[in-house]
Amino acid sequence: MGILEIKNVGKRFGGLQALSNVNLSVAENTVHAIIGPNGAGKSTLLNCLVGKLIPDSGSVMFDGQSVLGRAPYEINQMGISRVFQTPEIFGDLTVMENMMIPCFAKRDGAFELNALPSVRNQKDVVEHAMHMLEEMRMADKRHMHAAAMSRGDKRRLEIGMCLSQEPRLLLLDEPTAGMARADTNNTIDLLKQIKEERDITIAIIEHDMHVVFSLADRITVLAQGTPLVEDSPEKIKGHPKVREAYLGESA
Ligand SMILES: Nc1ncnc2c1ncn2[C@@H]1O[C@H](COP(=O)(O)OP(=O)(O)O)[C@@H](O)[C@H]1O
Ligand SMILES: [Mg+2]
């Protein structure tokens, strides 16, 4: 049993079957990559895991509990955090101020200080944010406006904001999209460090095969809304169907 078990998930948008018969099991403390061409349904699948979409059929279980029908903040509190494709940070706020945000949970339109059991007052918020900045090796940048940072550092901050909620499952949707090589490598190094230092499971959607093969323990190839093949990175690299469907264009 994986920490995340997706069974027979289907999702239709009008006349388009975006996902059909998706079965996926993600083992605890591994990095599982989901790759596939544009429009394959990767983001739709991720949206079904975090309460942004409800599948038409199938089940999604996280650590034995269904996530379906739960509000995003509830899923977050179950231990799932997600990094979006475009960094969701506040450019006008400082790095430190951004890092304090995840201490608050947005619930029914209001912010509450109940995101983490250990963070109960203003002093805890400051300490927790500072600790996370140190872990992310960003403490020296704490007074900078977030907008002034490099793409790679914005991503680092955003991943830190997710980790500050102590998730057991981190979801990343194309974390290096549009990045220069140096920023991409910075992000790969950060994710490798996280993988080594924490008990955490990572599911990553990624186009850049250099990123995928640097990090993944297991890879699922999604094509036209359904898994084409799932295997180890070594096997995926040599898989004729995968090369034909996808890797030909980028490997
Ligand atoms: N909210 C939506 N309404 C209608 N069609 C959508 C919606 N979201 C995604 N789609 C369609 O579903 C398919 C899968 O999209 P998506 O999951 O974003 O693919 P990927 O992330 O793999 O590029 C695409 O054809 C896309 O146009
Ligand atoms: Mg997408």
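Everything discussed here concerns the structure shown above.
Because the structure is a prediction, the values reported are computed rather than measured.

Visitor: How would you summarise the sheet that holds strand S2 (residues 16–26) if you had to cite specific residues and measurements?
Guide: In spatial order, the strands read S2-S1-S4-S5; together these four strands make up an open sheet with antiparallel pairing. The strands lining the two open edges of the sheet, one partner per strand, are S2 and strand S5 (65–66). Of the strand pairs in this sheet, strand S4 (residues 57–62) and S5 are connected by two bridges, and their pairing is antiparallel. Bridged to Met 61 within S5 is Ser 66. The strands that helix H1 (residues 42–49) touches are strand S1 (4–13), S2 and S4; relative to S2, the one it contacts most, it runs at about 65°.

Visitor: An account of the nonpolar core is needed here, citing residue identities and associated values.
Guide: If you look at the biggest cluster of nonpolar residues, it comprises 39 residues, and the most contacted ones within it are Leu 157, Ile 159, Leu 170 and Ile 204. No other element matches helix H5 (residues 151–163), which puts five residues into this core. Discounting chain neighbours no more than four positions away, the residues touching Ile 204 are Val 31, His 32, Ala 33, Ile 34, Leu 172, Pro 175, Leu 191, Val 211 and Leu 215. Counting residues in each nonpolar core, the second largest holds 27 residues, with Val 22, Leu 24, Val 50 and Val 60 among its members.

Visitor: Describe the side chain of Thr 187, listing the residues and the values that go with them.
Guide: Note on placement: Thr 187 falls in helix H6 (residues 181–197). Judged by its relative accessible area of 2%, Thr 187 is buried. Setting aside residues no more than four positions away along its own chain, Thr 187 makes contact with Arg 155, Ile 159, Thr 176 and Met 179.

Visitor: Tell me about the pattern of salt bridges, and name the residues and values.
Guide: Summed over the entire model, instances satisfying the criterion amount to 13 salt bridges. In this structure, the salt-bridge partner of Arg 181 is Asp 208, at a minimum N-O distance of 3.5 Å. Here Arg 181 is found in helix H6, whereas its partner Asp 208 is found in the loop between strand S10 (201–205) and helix H7 (209–215), with 27 residues between them in sequence. Among the residues examined, Arg 181 registers a relative accessible area of 45% and is labelled partly exposed. Through salt bridges with shared partners, a single ionic network connects Glu 28, Asp 63 and Arg 168.

Visitor: Give a detailed account of the site of ligand 1, specifying residues and quantitative values.
Guide: Close to ligand 1 lie Phe 13, Leu 16, Ala 18, Pro 37, Asn 38, Gly 39, Ala 40, Gly 41, Lys 42, Ser 43 and Thr 44. Gly 39 places a main-chain nitrogen or oxygen 2.8 Å from an oxygen atom of ligand 1. One of the backbone nitrogen or oxygen atoms of Ala 40 is found 3.2 Å away from an oxygen atom of ligand 1. Surface burial for ligand 1 is 57%, taken as the share of its 560 Å² of free accessible area covered by protein chains. Counting residues per element, the ones that place at least two in the shell around ligand 1 are S2 and H1.

Visitor: Could you give me a rundown of H1, with the residues and numbers involved?
Guide: One full turn of an α-helix is made of 3.6 residues, so residues set three or four places apart face in the same direction. Judged by how many residues are buried, H1 sits mostly within the fold: seven of eight residues are covered. Regarding H1, the residues found buried are Lys 42, Thr 44, Leu 45, Leu 46, Asn 47, Cys 48 and Leu 49. The positive-phi residue at the C-terminal boundary of H1 is Gly 51, with phi of around 85°.

What counts as what
- Residues numbered from 1 in each chain as written.
- Chains lettered and ligands numbered in written order.
- Predicted model: local features only at pLDDT ≥ 70, side-chain atom pairs only at ≥ 80, totals over all residues.
- Heavy atoms only, no water.
- Pairing = 2+ DSSP bridges.
- Helix = DSSP H or I, 4+ residues; strand = E, 2+ residues; numbered from the N terminus.
- Contact = heavy atoms within 4.5 Å.
- Axes fitted to C-alpha atoms, helices over the stretch in contact; angles between N-to-C directions.
- Core = buried A, V, L, I, M, F, W, Y, C linked by side-chain atoms within 4.5 Å.
- Buried < 20%, exposed > 50% of the residue type's maximum accessible area, 1.4 Å probe, protein only.
- Salt bridge = Lys/Arg side-chain N within 4 Å of Asp/Glu carboxyl O.
- Near = heavy atom within 4 Å.
- Polar contact = N/O pair within 3.5 Å; in protein donor to acceptor, adjacent residues only side chain to side chain.
- Areas by Shrake-Rupley, 256 points an atom, 1.4 Å probe, with all protein chains shown as cover.

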